[in-house]
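Tertiary structure, described
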Amino acid sequence: MPHPGDRVKIVTKKSTEEGILMPTPDKNTVIIKLDNGYNLGFEKKDVTKIEILEEKKEHEMKKPLHFSSENESNVRFHEPKKEPKEIKKNKALPTIAILHTGGTIASKVDYSTGAVTAKFTAEDTLEMFPELKNIANLETELVSNMMSEDMHFSDYQKIAQAVKKWAEKNVQGIIIGHGTDTLSYTAAALSFIFEKINLPVLLVGSQRSPDRGSSDAGLNLICAAKFIAETDFAGIATCLHQHSDDDNCAIINGTKVRKMHTSRRDAFQPINTTPIALVNLKEIKFLQKDYPKKMDNKVILKDKFETKVGLLKVHPNMDPKLFEFFTKNYQAFVIEGTGLGHAPTNLGKDNLKNYGLLKKFIADGGIVAITSQCLYGAVHTHVYTNLTRLANIGCLFCEDMLPETAFIKLSWLLGNYSSEETKELLTKNLRGEISLHRTFEKEFIDKND
Ligand code: ASP
């Protein structure tokens, strides 16, 4: 009988895989952790054989593991919380607060079980990345411990309140450890929430957990700390690998960043703009001159969100039921259109029905924001008559704003402003979400590398 922690071979009709058997609360699935760190799940009915290659070692069996009841679907196991030890502060160095929200960056692989455990004290972080000791004194807070795909607006509010608390303690800056999947949504949310912020707040994630040889966590954290300690930047940005090798990290505006790859360490790229700065262990190079700087000590926070807001990706052969659902259930929604901002609203009975639904929705007070699934470039109201038809019924074209950023912005605007104000502010550049000069990162890198 195989147990979690055993090294096993799983045989199905289609393939044979090897890895560490993971604990799972669902009796119909089998999960193993592969040697590359990723989990692989099988439906039990498809598994023809589980062969034990090596049993879990006895001393490791004794290690108590506690199931996290916070979020069962994450199958996360925690070591019992260690009492944090008092760490001596170096008075010559600034203090940085690290807020953990979970995700891969706050985890390590337990090689006996293959499960992921949380690591969150300042002591743990310093133990793993002793280089940080030469840059700053660290304070840490566990804000949440979740995978970022499970986040709600209420999680953004929790993170924002923690940021405000630390900002008012006059730390030099704040690093937020976050899962990578929805890191850019949180970055956009915090960018809008903080109308004014007196310090740098950098979101950092990692594609591989910090204990793995190939982890990107160390460089991301160290570069974030260095950037906070050595610059006058004040605002919300991300700090992650610029390339897949360990050369630079890119500091990217929280409203212009996107995860562009499922697994590469350089997944986070600025869209239609350049990074604000590049950081490595030796130097910091600013690529934008008019970045937000520390001015005074004011923190202005507006953290309400309207939840009846949707994001609709259009595609060929679209069922009008989707438009019916969105126009019936939401106050406002973002259309992730094709090309310059098109939607299936022009030709054929179904598509004309979509047009009618949109027209009525807007006439009744609903708000429709138009963005593009191309991501690079901007939407436009006049190039084709089909675009003009959408503009004429009141669809609001959001220039080069990312669809996800537009979704967060629309929800945030409706949470804090009237519908009329929302319409006016949606297409105005509030936090760098609309670029004045659009740059393709690739062109930029080719020129500067
Ligand atoms: N799914 C995870 C998350 O977004 C992946 C990661 O942490 O990088 O939380």
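Let me begin by describing the structure that accompanies this report. (Residues numbered from 1 in each chain as written. Predicted model: local features only at pLDDT ≥ 70, side-chain atom pairs only at ≥ 80, totals over all residues. Heavy atoms only, no water.)

Quick word on the nonpolar core
By size, the foremost hydrophobic cluster in this structure holds 56 residues, and its most contacted members are Leu99, Val163, Ile174, Ile176, Leu190, Phe194 and Ile408. Per element, the largest residue contribution to this core is 8 residues, and it comes from helix α3 (residues 153-167). With sequence-adjacent residues up to four places away left out, Ile176 is seen in contact with Leu99, Thr101, Ile159, Val163, Leu190, Val201, Leu202, Leu203 and Val204. If you look at the next biggest cluster of nonpolar residues, it comprises 30 residues, including Ala136, Val204, Ile251 and Val279. (Core = buried A, V, L, I, M, F, W, Y, C linked by side-chain atoms within 4.5 Å. Buried < 20%, exposed > 50% of the residue type's maximum accessible area, 1.4 Å probe, protein only. Helix = DSSP H or I, 4+ residues; strand = E, 2+ residues; numbered from the N terminus. Contact = heavy atoms within 4.5 Å.)

Quick word on the sheet that holds strand β8 (residues 95-100)
Spatially, 8 strands are ordered β11-β8-β12-β14-β15-β16-β19-β20 in an open sheet, and the strand pairing comes out mixed. Each having just a single partner strand, β11 (137-142) and β20 (284-286) make up the two edges of the open sheet. Here the average twist between neighbouring strands, direction ignored, is 25°. Relative to strand β14 (residues 200-204), strand β12 (residues 173-177) runs parallel, the two being bridged by 4 bridges. Within β14, the position partnered with Ile175 by the bridge is Leu202. The strands touched by α3 within the sheet are β8, β11, β12 and β14, with β12 carrying the most contacts at an inclination of about 155°. Strand contacts of helix α4 (residues 183-193): β12, β14 and β15 (235-241), with the helix running at about 160° to β15, the strand carrying the most contacts. (Pairing = 2+ DSSP bridges. Axes fitted to C-alpha atoms, helices over the stretch in contact; angles between N-to-C directions.)

A word on the layout of surface pockets
The calculated volume of the largest pocket comes to roughly 810 Å³. In this structure, the largest pocket is lined by 32 residues; those nearest its centre are Asn253, Asp290, Pro292, Arg431 and Gly432. Counting only elements with at least two residues in the lining of the largest pocket, the list comes to β13 (194-196) and β15. Its residues assigned to classes, the lining of the largest pocket shows 12 nonpolar, 12 polar and 8 charged. (1 Å grid on protein atoms, 1.4 Å probe; cavity = no way out; pocket = protein on both sides within 12 Å on 5 of 7 lines; lining within 4 Å. Points joined across faces, edges and corners; volume = space filled by probe spheres on them. Nonpolar A, V, L, I, M, F, W, Y, C, P; charged D, E, K, R; others polar.)

Points about helix α6 (residues 320-329)
Among all positions in α6, only Pro320, Phe323, Phe326 and Thr327 are buried. In a view along the axis of α6, the buried residues occupy a sector of 120°, so they form one face of it. Residues of α6 that are exposed and angled more than 90 degrees away from the buried face: Lys321 and Lys328. On the buried face of α6, the contacting elements are β22 (309-313), β23 (332-337) and α7 (349-363). (Arc of directions from axis to C-beta.)

Structural notes on empty space enclosed by the protein
If you walk through the whole model with that rule in mind, you get 2 cavities of 30 Å³ or more. By volume, the second largest cavity amounts to about 30 Å³. For the second largest cavity, the full set of lining residues is Ser372, Leu375, Gly377, Val379, Glu399, Asp400, Met401 and Leu402. Classifying every residue of the lining of the second largest cavity gives 4 nonpolar, 2 polar and 2 charged.

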